[in-house]
Amino acid sequence: MSCKGDRDNDPGTKRRVSYMYSPEYMETCDSLSKVPNRASMVHSLIEAYGLLQHMAVVKPHVATIEEMAKFHTDAYLEHLHKISQDGDNDDPQSTDYGLGYDCPVVEGIYDYAAAVGGATLTAAQCLLDHKCEVAINWAGGWHHAKKDEASGFCYVNDAVLGILKLREKYERVLYVDVDLHHGDGVEDAFSFTSKVMTVSLHKFSPGFFPGTGDICDTGLGKGRWYAVNVPLEDGIKDDRYYQVFTSVMQEVRALFNPEAVVMQLGADTMAGDPMCSFNMTPVGAGRCLQYVLEWQLPTLLLGGGGYNLANTARCWTYLTGAVLGKTLSSEIPDHEFFTEYGPDYSLEISPSCRPDRNDTKHLDQVISTIKGNLKNVV
């Protein structure tokens, strides 16, 4: 499955990449009830394709409460710690902190949050220390969590923690979110600053979670015009998505001129995801990623959504190959989770036969509005 940029002179062949992994980290992430064993499935496929030998495999540290408190409130973290010890689902305070319905209280949830937060911080530190040009934490990318509440399966906003870490050195950090859902937690965290620009392409439709991210949401105060939202409808495919992505990102780069990038690559946009919304394949996501990598800035890559577990592993493995400039064979190699990839046992994901609800004229208008808004960035 070749991807754009697989030439001999592709920087991917020389790119230094750090990859967050340890058996303990995988085990902790596998326990997340919404995506059981997903972390191990992703890692096992990356390993089966022989990609680990081309990256520095880094054991992530577990975040301290002080490190997580750079964004989250002490009260939230202390509550998470308290209920996590016994999996107490009946604490009346929990609902105040967004815990319950879509962020269930399970034993060990604090350890999970600290592990994910710590891995993204470790990845950011690798970039700060010039150990790599690209750092990867596929088990991260939990972009909905707020400073004092869990939301949308996210208990810690590791993306925010990673951005804050990069801000210790880099004046302007760009956050790019191509998950199906709006990156609301990250946008909220930085809505008042001009030092971090957030760009989110997502499904925007009445009743669809989280309900934010309209085109007119552009940031507040000093951060006005530094939040960019690209609302999309169901059924969008690779080519059109890439066209919208590049139109927006070209302007973003020219006017914001970032010094580092954090990119969240949620795989719930893929055809075959239970969300049944977008109609993308890893090739489309890979082209978007390559576009950003060509800027040759320190880049932190995170996972996110992705509820068809085999397709999520296909997507992030393909993207890992793209970062490294490696073309991967179409046949899924034999490995622990091989049977999950039937009936075709192939790396490709085929788009489904669903209509693209995005009207060309409307998309042109969206891009034009965003370009107009970005002209205000000084």
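Just above, that's the structure.
The text that follows walks through the structure, step by step, so that each part is easy to find.

Conventions used here
Residues numbered from 1 in each chain as written. Predicted model: local features only at pLDDT ≥ 70, side-chain atom pairs only at ≥ 80, totals over all residues. Heavy atoms only, no water. Helix = DSSP H or I, 4+ residues; strand = E, 2+ residues; numbered from the N terminus. Rg over C-alpha atoms; globule rule 2.2 N^0.38 Å. Buried < 20%, exposed > 50% of the residue type's maximum accessible area, 1.4 Å probe, protein only. Contact = heavy atoms within 4.5 Å. Areas by Shrake-Rupley, 256 points an atom, 1.4 Å probe, with all protein chains shown as cover. Polar contact = N/O pair within 3.5 Å; in protein donor to acceptor, adjacent residues only side chain to side chain. Axes fitted to C-alpha atoms, helices over the stretch in contact; angles between N-to-C directions. Left-handed = near helix turned anticlockwise from the far one by under 90°. Nonpolar A, V, L, I, M, F, W, Y, C, P; charged D, E, K, R; others polar. Salt bridge = Lys/Arg side-chain N within 4 Å of Asp/Glu carboxyl O. Core = buried A, V, L, I, M, F, W, Y, C linked by side-chain atoms within 4.5 Å. Pairing = 2+ DSSP bridges. Phe/Tyr/Trp six-rings, centres within 6.5 Å; stacked < 30°, edge-to-face > 60°. Lys NZ or Arg CZ within 6 Å of the ring centre and 35° of its normal.

1. What to know about the overall build of the protein
Item 1. Of regular secondary structure, the protein possesses eleven helices and eight strands.
Item 2. Rg of the C-alpha trace for the protein: 19 Å, near the compact-globule value of 21 Å for 378 residues, within the 12% margin.
Item 3. With 378 residues in all, the protein has 60% of them scored as buried.
Item 4. For the protein, long-range pairs separated by at least 24 residues make up 79% of all intrachain contacts whose partners lie at least 6 apart in sequence.
Item 5. Summed over all atoms, the accessible surface of the protein reaches about 14,800 Å², with 49% contributed by carbon and sulfur.

2. Here we look at the side chain of threonine 320
Item 1. Note on placement: threonine 320 falls in helix α10 (residues 309-324).
Item 2. Given the relative accessible area of 0%, threonine 320 is considered buried.
Item 3. Polar side-chain contacts of threonine 320 include one of 2.9 Å to the side chain of tryptophan 138.
Item 4. Beyond its immediate chain neighbours, meaning those up to four positions away, threonine 320 contacts Ile46, Leu51, Met55, Ile136 and Trp138.

3. Considering the packing of helix α9 (residues 282-293) against α10
Item 1. Put simply, α9 and α10 touch, their axes get as near as 9 Å, and they point 35 degrees apart. For the pair α9 and α10, the crossing hand works out as right-handed. Two secondary-structure elements touch here, α9 through Pro282, Val283, Ala285, Gly286, Leu289, Gln290 and Leu293 and α10 through Cys315, Tyr318, Leu319, Ala322 and Val323.
Item 2. Partitioning the contact of α9 with α10 into residue classes produces ten nonpolar, two polar and no charged.

4. Considering the environment of lysine 147
Item 1. By the element assignment, lysine 147 lies in the loop between β3 (134-137) and α6 (158-166).
Item 2. Residues lysine 147 and glutamate 259, 112 residues apart in the sequence, show an inter-C-alpha distance of 25 Å.
Item 3. Once you skip the residues sitting within four places of it in the chain, lysine 147 turns out to touch Phe71, His72, Thr73 and Tyr76.

5. With respect to the pattern of salt bridges
Item 1. The full count for this structure, using the stated rule, is twelve salt bridges.
Item 2. For lysine 82, the salt bridge goes to aspartate 91, with nearest N and O atoms at 3.1 Å.
Item 3. Relative accessible area serves as the criterion here: at 11%, aspartate 91 is assigned to the buried category.
Item 4. With its nearest N and O atoms 3.6 Å apart, the salt bridge here joins glutamate 259 to arginine 172. Here arginine 172 lies in the loop between α6 and β4 (173-177) and glutamate 259 lies in the loop between α8 (238-256) and β7 (260-264), a separation of 87 residues in the sequence.
Item 5. Glutamate 259 gets classed as partly exposed once you look at its relative accessible area, which sits at 27%.

6. A look at unusual backbone geometry
Item 1. The residue after phenylalanine 209, namely proline 210, is reached through a cis peptide bond having omega -5 degrees.
Item 2. Mapping proline 210 onto the fold places it in the loop between β5 (196-203) and β6 (227-232).
Item 3. Looking along the chain, the bond that leaves glycine 342 and enters proline 343 is cis, with omega of 0 degrees.
Item 4. Inspection of the secondary structure puts proline 343 in the loop between α10 and α11 (360-374).
Item 5. Phi at tryptophan 225 is positive, roughly 80 degrees, even though this residue is not glycine.
Item 6. Note that tryptophan 225 resides in the loop between β5 and β6.

7. Quick look at the nonpolar core
Item 1. If you look at the biggest cluster of nonpolar residues, it comprises 132 residues, and the most contacted ones within it are Tyr155, Leu174, Met197, Phe245 and Met263.
Item 2. Ranked by residue count, the leading element in this core is helix α5 (residues 109-128), at 14 residues.
Item 3. Methionine 197 has contacts with Val173, Leu174, Tyr175, Trp225, Tyr226, Val228, Val252, Phe256, Leu374 and Val377, leaving out every residue within four places of it along the chain.

8. Describing the side chain of asparagine 373
Item 1. Looking at where asparagine 373 falls in the secondary structure, it is placed in helix α11.
Item 2. Setting aside chain neighbours within four positions, we find asparagine 373 in contact with Ile215, Thr218 and Trp225.

9. Points about the environment of arginine 314
Item 1. Summarising the element assignment, arginine 314 is placed in helix α10.
Item 2. By relative accessible area, arginine 314 is classed as buried at 6%.
Item 3. Non-local contacts of arginine 314, meaning those with residues more than four positions away in its chain, are made with Leu45, Tyr341, Asp344, Ser346, Leu347, Glu348 and Ile349.

10. What to know about the sheet that holds β7
Item 1. With respect to topology, eight strands assemble into an open sheet ordered β2-β1-β3-β8-β7-β4-β5-β6, the strand pairing being parallel. Unpaired on one side and paired on the other, β2 (56-58) and β6 mark the two borders of the sheet. Put simply, the sheet's adjacent strands are angled 15 degrees from each other on average, direction ignored.
Item 2. Note that strand β1 (residues 17-20) and β2 share three bridges and pair parallel.

11. Considering the packing of aromatic side chains
Item 1. With the rule as written, the count across this model stands at nine aromatic pairs.
Item 2. The interplanar angle of 90 degrees and the centroid separation of 6.4 Å between the aromatic rings of tyrosine 112 and tyrosine 155 together place this pair among those described as edge-to-face. Placement of tyrosine 112 in helix α5 and of tyrosine 155 in the loop between β3 and α6 is noted, with a sequence separation of 43 residues between them.
Item 3. Under the relative-accessibility criterion, tyrosine 155 is labelled buried at 3%.
Item 4. Aromatic rings pair up to connect Phe245, Tyr291 and Trp295 into one cluster.
Item 5. One cation-aromatic arrangement involves lysine 203 over phenylalanine 208; the distance from NZ or CZ to the ring centre is 4.5 Å.

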